[in-house]
Every structure is written in structure tokens, then in C-alpha cells.
Amino acid sequence: MRKWFYVLLAVVILAAAIPLAGVGCAEKESYKVGAIFAETGVNSSLGTPERQTVDMMVKKINDTGGISGHKLEVIAYDTKSDSNECALVTARLIEQDQVLAIIGPSSTGESNFIKQTILDSEIPLISCAAGATIVAAPNKWVFKTPQSDVLAVRELYKYMKGKGFTKIAILTDTGGYGKGGKTFLESEAASFGITIVTAETFDAAGTDMTAQLTNIKNTTAQAFVCWTTSQGAAIVAKNRTDINMTMPLFCSHGVANMTFINNAGSSANGVIFPAGKLLVADQLDDADPQKAVLLKYKTDFEEEYSGKTADTFGGHAYDALNMIVEALKEVGPDKAKIRDYIENEIKEWPGTGGMFNMSPDDHNGLTEGCFIMVEVKNGEWTWLKPS
Amino acid sequence: METGQFLQYLVSGLTMGSIYALVGLGFTIIFTVTGIINFAQGEFVMLGGMLSYILFTSFGLPSGLAILLSVVAAALVGIMLYLLGIRTARKASAVSLVVITIGASIFIRGVAGQIWTRDPVRPPYFSGSESLSFAGAYIQPQVLWIMGTALVAMIVLHVFFSYTMLGKALKACAISRAAAGLVGIDARAMALIAFALAAALGAIAGSVMAPHTTVSYESGVMLGLKGFVAAAIGGFKSHTLAFFGGLLVGLIESLTVAANWGPFQSEYADAVALIALLIILLIRSRRLSTEERAS
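> Got a sec to walk through the overall build of chain B? Specific residues and values, please.
Helix and strand counts for chain B come out as 11 helices and 2 strands. Scaling as 2.2 N^0.38, a compact globule of 295 residues should have a C-alpha radius of gyration of about 19 Å, and chain B matches this with 19 Å. In terms of its C-alpha atoms, chain B occupies a principal-axis envelope of roughly 60 × 55 × 35 Å. Residue burial in chain B is summarised as follows: out of 295 residues, 50% are buried. A sequence separation of at least 24 residues applies to 76% of the contacts in chain B between residues at least 6 apart.

As C-alpha cells, then:
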């Protein structure tokens, strides 16, 4: 009996001490935000800079006093580029970690896969993937920061039309990114007076595209568009010079990182593609409303990770977390209010991806003009400024 | 179709085919000696490519030395795989051992992705970047290196296994471990040699291939699969057949892209190659069973 008494006493004392300890340190409760990125797997080239960006921002925000005195705590999980894994970690964030909002995932497939869960759980999510379907109705809780692929296609076609190209070939990968690009390349062509004479594809993990290029070389196409990410595009660019192909090569914004230039070497020269403004931030006019935020992100990132270059993918995470941080600052830790804030108060908001104008009908908020055309000249990104 | 264009498809097919052949030869070496299908073979190729790049760029070693060291390092990984994975579980069934190699491949890939860059990389060409022109087709010098390496590897392996004492001893283990033991062949040592040899060959393939194809920590998956097909065409027994099996897979892929008709389109290049494998396996298994009945 006496033993039990002491045990009970100990429990009571401990229970009393816990709130005391809480009072002892004056720190306010931290704000928890979830992050789900494809840090490994096929989309790791997207997820890795996204995660690095978030880590850097958390450090910076907490070093400068947090959000209105509250510490920012980001709980990050790797989705392994796998939709099932993504769903699993999303559930963990919502149920166990009880986060206020989530940023990510990195890919369109994963984002669509968890969309219903997000809507049912009523938690704000800002995706870092491009697909327009992610924010299509019915949709109350999901936002996204990357520019939609169709805007990139239009910017590219506008440029090609201006240069007098009417007959083109397209070469796309068989993965989600290439397939999405192919759909828009085909649906938008007619309105720019462009005819697609042949459409070739290749496996995203392929290592030699000479055969497809030989097909294209023997058509009447005046130029060809290769819609894939930097790994495949570097091989295409290289294979094309290997077989002395002089047809101009256009790519997508998926090549906007140094991997493309490093792997394609001198073959990258002359390649033209639509890209977010981050790539040529220092070349922009000072009047550009995005210039300040682009340069700040670039400098901060490159200071934190020496030897690495800031890229658009990290930029998408930067915009997403900034929106949530701003919302937390304004409305505090309330999921519904955070959602309302992002939907209604993010107006003429300069981000790395463009000028955001969120609205109940548009949870991306970007329009034409967020892409510019870039050419690789002597291994450097060069802005093809419209004159 | 003009000659130049057709030759271009052939070159493309033979390039990929030679790479598949080299991977297939690695599968064959380990199978002929130990009876195990080693699914980590593709990872040896990846290690060769990644290590030669890293030693070259980060450590500034001359290209040749970087490749030599990466081959030695991969051989050591092969030995470790045998000692830690296969030998410790030697009483397990062949299927379990195959599963161990799958585990090892996931492990090697995971470690590579953690410690090195996740971006694909490309080491420099061995000899110049100017393509050679030949009857209307263009050939990258690196492609000649790839094809040459595959051809030499096939011939050397054939001679080694047929005409040298060590080679014959290795082969004897495959025919009957017990009988080989009776005539004084150390079966365990032979298995160790087979793993080291296959890993070294894989790394050679990786370092010759990487300047043309680029390489990343995940390259081993696809190459392992294609190499497996090449080796399967050769019945996992014949080096010569594995070599030609690899070339066949490469040619089927590039000619499927070239045909651009019906199901023969670039989109289905991989599927056509795998269906070809199924057909070949069906024919082979029928012929084998007839032979068995005859004996």
C-alpha cells in the first residue's frame, strides 16, 4: 500500500511539474508546417533543391525571431517519387504531426493522388508541381506555385511563330512530364499556325536517342521541340550534334538547371527554351517587380549551399513557404483562415515563379508573361529579350 | 530509306546493343560459375560510371587511372557482395540467393544516391568529340570505344573460359561443384573470382559508356534489365550468345523506332524488345525439352 502511495505521489508531482516547466521558458508554441518532396527516386532533381530551400528558409526565419515570436517548425518527409509513399507521409503529417499546412509534393502525379485526402481533411496544401489538373475544380484547399505547362508551350510557340517556323517535329519522353507536354504541344499548335509533321517519343531512362533523331532529321520539319527534363534533353542535344543535325532544337523549362549544360557540353549551345525568370535574374530590368525577390532567393541559396546554383524548382518551394509564412503572420495558426488568406490576399504578389494573383477560381494565380525565352550561348543562359 | 539513314539506325542499335552485351556478359560469368542470377550487375555498371567521373573531376586523376581505380573498387564491392551476402547464406536456396542480390542492388543504389550527387553526370570523352562520317552516317568516337570494348570482352571471356586452366576450373564448378571439389578445385574461391570478374567487367562497361550516355545513381536499374534480357537470350551459359543477344536487343529497339509503323513505334521500343525475348525463350525451351526427350 505504501509503495503505491509513493508511486502516486511521484506521478502527481511530475504532472504538476510539466506545466511549470512550460511556464518556465517563455517560448511560444511553434508553428508546424509539413513538407513532402521527392528527395529520392526519379524526381529527385526536383525534390532535392526544394528540400534544401525549405531548410535554408527555416533557419533564416528562426534566426530572425520566427513568425511573430513563434518558431517555425517544418516537418519534412521524402516521398521517394512514389504516390503511395506520398499518401502515407501525408496522412502522418495530418494525423500524427498535426501540421497547419503542407507544401509539396514535387510531381503532378503525386499531387493528384493525395488531392482528395487533402480536401477531406480540410488542410491547406501548396503543391510544387506544374500540372494544371492539381488545382482544377472541385478544389477548395489545394494551391500550386509552379507555372502551368500550357503557359510554357504558348510562350514557346509565340517565339517560334515570330521566327517563321510553321512545320515542326516534337520529341517527348514517355513519363508524366513528357506526356503532359505532348498534349499541349499538339492542342496549341494550330492556333499559332504550326503543323506537327512527326511526333517521336523515348523512354525517360533511355540513354541513346539517335534513332528517334534520325527519324526527325529525315522529315520536312524546320525545327524540333524536345519536351523532357535535363537528363534526357542533354542526351538529345548531344546525339543531335553527334549525327550532324543542324535543325534548330527547342526545349522546355525542364532543362533550366546546370545539369543540362554540364552534361550536354558544347552541344547545349543554341538550344532555346521558355523558362521562369530566375535563370536570368541578374539580366532583368530593375523595374521588373520580380527582380528583388529573385535575386534575394538566388543569393541566399547560393550563400547557404556553396557550389550549388539556385534553380526554379527550389523557387517553387520558396514561393509556397513564403505564402504560408505570410498567412501565419497575418492570421495565426488556423487552417481555414490560412486558406482564406492565400486565396484572397495573395494579389500582385511577386514570387520567383511570377506575379501571383490568387482567386477562388484560380489557385495558381499565374498568367502569361511569367515565362521568358532563354538561349544557351557559350554555356551560359542568355535572355532573348523581346524587342 | 537511304543507306546513310539506315546505317545511322544500325549504329544507334549496335551502340545500345554493345552496352547491353557487356552487362549480359557479367550476368553470364556469375551464373556459369555459381548458378546465381546476380541482379546487382547493373549497379556495378553504375559504380564504374559514377566512380570514374568522381575520381576524374573531384580528385583530378587522369582519365585512365580514374577508370582503373573505379574498376578495382567495383571488383572489391563484388567481392564484398559475395563474402557478406552470398557466402554467409550459402545454405539457402538459389532463389533466396537471387533475392539477396536484389537486396544488394537496392542497397548499393541507395548508398550511391546518398553519398554522391543525384543528378546525372558525364565524364569526358576518351578521344575527341568530333563525329566521324561514314557512308552518310555519323559515328561518335566514344561509340567505337563502346563497341570495341564489348567485342574484346566477349572474345577474351570466350578464350579464358575455354582455354585457360583457371577458366576451365571456373566452368567445372558450374557443371558439378561436388566433382570439381573432388579434383581439388576450391569452389568458394572460384565463386569469389567470378563475382570480382563480373563486377570489374560491369565497371569497365560503365566507365566506357558514361561519356556517351551519361550516368546517374539510378542507371543500373534499366541497364540491369536489358543486360538480363541479353543474358537470357544466351541461356545464361554462353558468352558468345549473350554478346549477340545484347546486340539483338539494341537493334530491335532502334529498328522499332525506325519502322514507325503499327505497333513498331518509338513508344513501344522497350515492349517490342521484351516480347522478342519471350518468343526466343519459348522457342528455346521447346527445343531444350525436345533435346531432353531425345537423350
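> Account for the interface of chain B and chain A, naming residues and giving values.
A common way to express how large an interface is: the accessible area buried when the components associate. The interface of chain B with chain A comprises 26 residues on the first partner and 26 residues on the second. Listing elements by their share of the side of chain B that touches chain A, those giving two or more residues are helix 1 (3-34) and helix 10 (239-259) of chain B. Broken down by element, the residue count for the side of chain B that touches chain A peaks at 7 residues, all from helix 1 of chain B. Among the residues making up the side of chain B that touches chain A, the classes are represented as 8 nonpolar, 13 polar and 5 charged.

> Outline the packing of helix 3 (residues 83-95) of chain A against helix 4 (residues 108-121) of chain A, supporting the account with residue identities and numerical values.
All names here are of chain A. For the pair helix 3 and helix 4, interaxial distance at closest approach is 9 Å and the crossing angle is 30°. When the axis of helix 3 is compared with that of helix 4, the two are roughly parallel. Read as a crossing pair, helix 3 and helix 4 show a hand that is right-handed. Here helix 3 contributes Ser-83, Cys-86, Ala-87, Thr-90, Ala-91 and Ile-94 to the contact with helix 4, which in turn contributes Gly-109, Glu-110, Phe-113, Ile-114, Thr-117 and Ser-121. For the contact of helix 3 with helix 4, the per-class residue count stands at 6 nonpolar, 5 polar and 1 charged.

> For the sheet that holds strand 4 (residues 125-127) of chain A, give the residues involved together with the corresponding values.
Residues and elements named next belong to chain A. Strand order in the open sheet formed by 5 strands is 2-1-3-4-5, and the pairing between neighbours is parallel. Each edge of the open sheet is held by one strand with a lone partner, namely strand 2 (72-78) and strand 5 (142-144). Pairwise comparison of adjacent strand axes, ignoring direction, gives a mean angle of 25° for this sheet. Bridge analysis of strand 1 (residues 31-37) against strand 2 gives 7 bridges, and the strand direction is parallel. For Ile-36, the partnering residue across the bridge sits in strand 2 and is Tyr-77. Across the sheet, helix 2 (residues 44-63) lies against strand 1 and strand 2, angled at about 165° from strand 2, the strand it touches most. Across the face of the sheet, helix 11 (residues 312-331) comes into contact with strand 1, strand 2, strand 3 (101-103) and strand 4 while running at roughly 165° to strand 3.

> Outline the domain arrangement of chain A, supporting the account with residue identities and numerical values.
All names here are of chain A. What the domain assignment reports for chain A is domain 1 (31-147 + 291-356) and domain 2 (150-275). Every contact between the two is made by 10 residues of domain 1 and, on the other side, 11 residues of domain 2. Of the residues contributing to the side of domain 1 that touches domain 2, the split by class is 1 nonpolar, 8 polar and 1 charged.

> Which residues make up helix 2 (residues 41-57) of chain B, and what are the values?
Taking 1.5 Å per residue as the helical rise, helix 2 of chain B with its 17 residues ought to reach 24 Å, and the 25 Å between its terminal C-alpha atoms agrees with that figure. The element helix 2 of chain B is extensively covered by neighbouring structure, given that 15 of its 17 residues are classed as buried.

Rules behind the numbers
Residue indices begin from 1 for each chain and proceed along its sequence in written order. Chains carry letters and ligands carry numbers; both start at the beginning, A for chains and 1 for ligands, and go up in the order they are written. Given that this is a predicted model, residues contribute local features only at a pLDDT of at least 70 and side-chain atom pairs are listed and counted only at 80 or more, while totals for whole chains, interfaces and linings are drawn from all residues. The secondary structure listing takes helices from DSSP runs of H or I that are at least 4 residues long and strands from runs of E that are at least 2 residues long, numbered from the N terminus. Only the C-alpha atoms count toward the radius of gyration. The rule for a globule is 2.2 Å times the residue count to the power 0.38. Partly exposed residues are those whose C-beta has more than 12 but fewer than 20 other C-beta atoms within 10 Å; 20 or more makes a residue buried and 12 or fewer makes it exposed, with C-beta atoms placed from the backbone. With C-beta atoms placed from the backbone, a contact is any residue pair whose C-beta atoms sit within 7 Å. Residues were grouped as follows: Ala, Val, Leu, Ile, Met, Phe, Trp, Tyr, Cys and Pro as nonpolar; Asp, Glu, Lys and Arg as charged; and all remaining residues, including Gly, as polar. Helix axes are fitted to C-alpha atoms over the stretch in contact, other axes to C-alpha atoms as well, and angles between N-to-C directions run from 0 to 180 degrees. To sort the angles, those under 35 degrees are grouped as roughly parallel, those over 145 as roughly antiparallel, those from 65 to 115 as roughly perpendicular, and the leftovers as oblique. Handedness of a helix crossing follows the sense of rotation of the near helix relative to the far helix, less than a right angle counterclockwise being left-handed and clockwise being right-handed. By definition, two strands form a pair when at least two bridges between them are found by DSSP. For the purposes of this description, domain bounds are those given by an automatic or database domain assignment. To estimate the expected span of a helix, subtract one from its residue number and multiply by 1.5 Å.

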